[in-house]
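So you can see what is in the structure, the chains are spelled out below.
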Amino acid sequence: MGLLLAIMLDRRIRFESGFRTIYALPFALSFVVTATLWAWMYDPSSGVLNTIFGKLHLEFLKSRWITDPKIAMYCIIIALIWQFSGYTMIIYLAGIRSIPVDHYEAAVIDGASTWQLYRYVVIPQLVKPTLSAFVVLMVFSLKAFDFIWVLTRGGPGTSTFILAVQMYKETFAKTNFAYGAAIATILLLMALAIVLPYLYWSYRGEEE
């Protein structure tokens, strides 16, 4: 999603700075604020989504959303995509704008279409922005406790449980401090497994 938004803005559309600000605004909000907003939208009885579907006579699209264990996690994923797509857009847009102009000119002279220009010239040179976005988003996903806790508290049932939620419940609800500390250690090791290879790759790249 972030890459698509970056490509759209790279076309030098009007009011680009305004769109860039609008797209990036969700990332500036805290998880608690975002989760509260989406909880209001997903509310089965008075939420925005079901209300809109009712007004449009599309009752078959109404759902229990985050109270339905079958789709609760998908609802969370959609909300998080909305929040982080602006961040990845900024990373990709910076990567696209850093590509030398002569690469574009050579492709145009060779008769490349707009699709071919992005497919064979732009996207292959976005390895570094992709890795940067991947590392940051993976680390955020590991610690998305506050978002899920405000939105679903890990429910319904255990349909939206992640390790961070499990750690909190074991430590503070069940007072299994050793078990909670073990989960926290696993989370730390998982984060290091994501970050350290990226740092090593970046260090090697700077040396070369």
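Residues numbered from 1 in each chain as written. Predicted model: local features only at pLDDT ≥ 70, side-chain atom pairs only at ≥ 80, totals over all residues. Heavy atoms only, no water.

For the protein chain, the name recorded in an unreviewed UniProt entry is Sugar ABC transporter permease protein, with Thermococcus barophilus as its organism. Under the UniProt heading Sequence similarities (unreviewed entry), the entry covering the protein chain gives this text: "Belongs to the binding-protein-dependent transport system permease family." Entered under Subcellular location (unreviewed entry) in the UniProt record, the comment concerning the protein chain runs "Cell membrane". (UniProt positions renumbered as here; feature names shortened; annotations may be inferred.)

## Considerations on the domain arrangement of the protein chain
Here the protein chain is described as being made up of domain 1 (1–143) and domain 2 (162–207). On a C-alpha basis, the centres of domain 1 and domain 2 stand 26 Å from each other. Taken together, the contacts link 8 residues of domain 1 with 9 residues of domain 2. For the pair domain 1 and domain 2, the summed buried area comes to about 830 Å², and 87% of that belongs to carbon and sulfur atoms. It is Leu-131, Val-135 and Leu-142 that lose the most area in domain 1 upon contact with domain 2, and together they represent 56% of the buried surface on that side. Viewed at the interface, domain 2 and domain 1 are joined by 0 salt bridges. At the junction of domain 1 with domain 2, the criterion picks out 1 residue pair in polar contact (both at pLDDT 80 or more). Residue composition of the side of domain 1 that touches domain 2, grouped by class: 5 nonpolar, 2 polar and 1 charged. (Domains from an automatic or database assignment. Contact = heavy atoms within 4.5 Å. Buried area = accessible area lost by both parts, 1.4 Å probe. Salt bridge = Lys/Arg side-chain N within 4 Å of Asp/Glu carboxyl O. Polar contact = N/O pair within 3.5 Å; in protein donor to acceptor, adjacent residues only side chain to side chain. Nonpolar A, V, L, I, M, F, W, Y, C, P; charged D, E, K, R; others polar.)

## Observations regarding a nonpolar patch on the surface
A cluster of nonpolar residues, Leu-29, Val-33, Leu-37, Trp-40 and Trp-82, forms a patch on the protein surface that exposes about 440 Å² of accessible area. The leading source of residues in the nonpolar patch is helix H3 (residues 31–42), at 3 residues. Looking at where Trp-82 falls in the secondary structure, it is placed in helix H5 (residues 72–97). We classify Trp-82 as partly exposed; its relative accessible area is 32%. (Patch = residues over 30% accessible without salt bridge, like charges linked within 9 Å, V, L, I, M, F, W, Y side chains within 5 Å. Areas by Shrake-Rupley, 256 points an atom, 1.4 Å probe, with all protein chains shown as cover. Helix = DSSP H or I, 4+ residues; strand = E, 2+ residues; numbered from the N terminus. Buried < 20%, exposed > 50% of the residue type's maximum accessible area, 1.4 Å probe, protein only.)

## Let's talk about helix H1 (residues 2–10)
What H1 keeps buried is the set Gly-2, Leu-5, Ala-6, Ile-7, Leu-9 and Asp-10. Where H1 is buried, its residues meet helix H2 (16–28), H5, helix H6 (101–109) and helix H7 (114–122). Just past H1, the residue Arg-12 takes up positive phi, approximately 60°.

## Details of the packing of H6 against H7
Following both chains from N to C, one finds H6 and H7 inclined at 130°, their axes separated by 10 Å at the closest point. In terms of orientation, H6 lies oblique with respect to H7. Judged by the sense of rotation from one axis to the other, the crossing of H6 with H7 is right-handed. Residues His-103, Tyr-104 and Ala-107 of H6 lie in contact with H7, whose contacting residues are Leu-117, Val-121 and Val-122. (Axes fitted to C-alpha atoms, helices over the stretch in contact; angles between N-to-C directions. Parallel < 35°, antiparallel > 145°, perpendicular 65-115°, else oblique. Left-handed = near helix turned anticlockwise from the far one by under 90°.)

## Comments concerning the UniProt feature "domain: ABC transmembrane type-1" (unreviewed entry) in the protein chain
UniProt records the feature "domain: ABC transmembrane type-1" (unreviewed entry) at residues 1–200, using the numbering of this structure. With 72% helix and 0% strand, residues 1–200 has end C-alpha atoms that lie 28 Å from one another.

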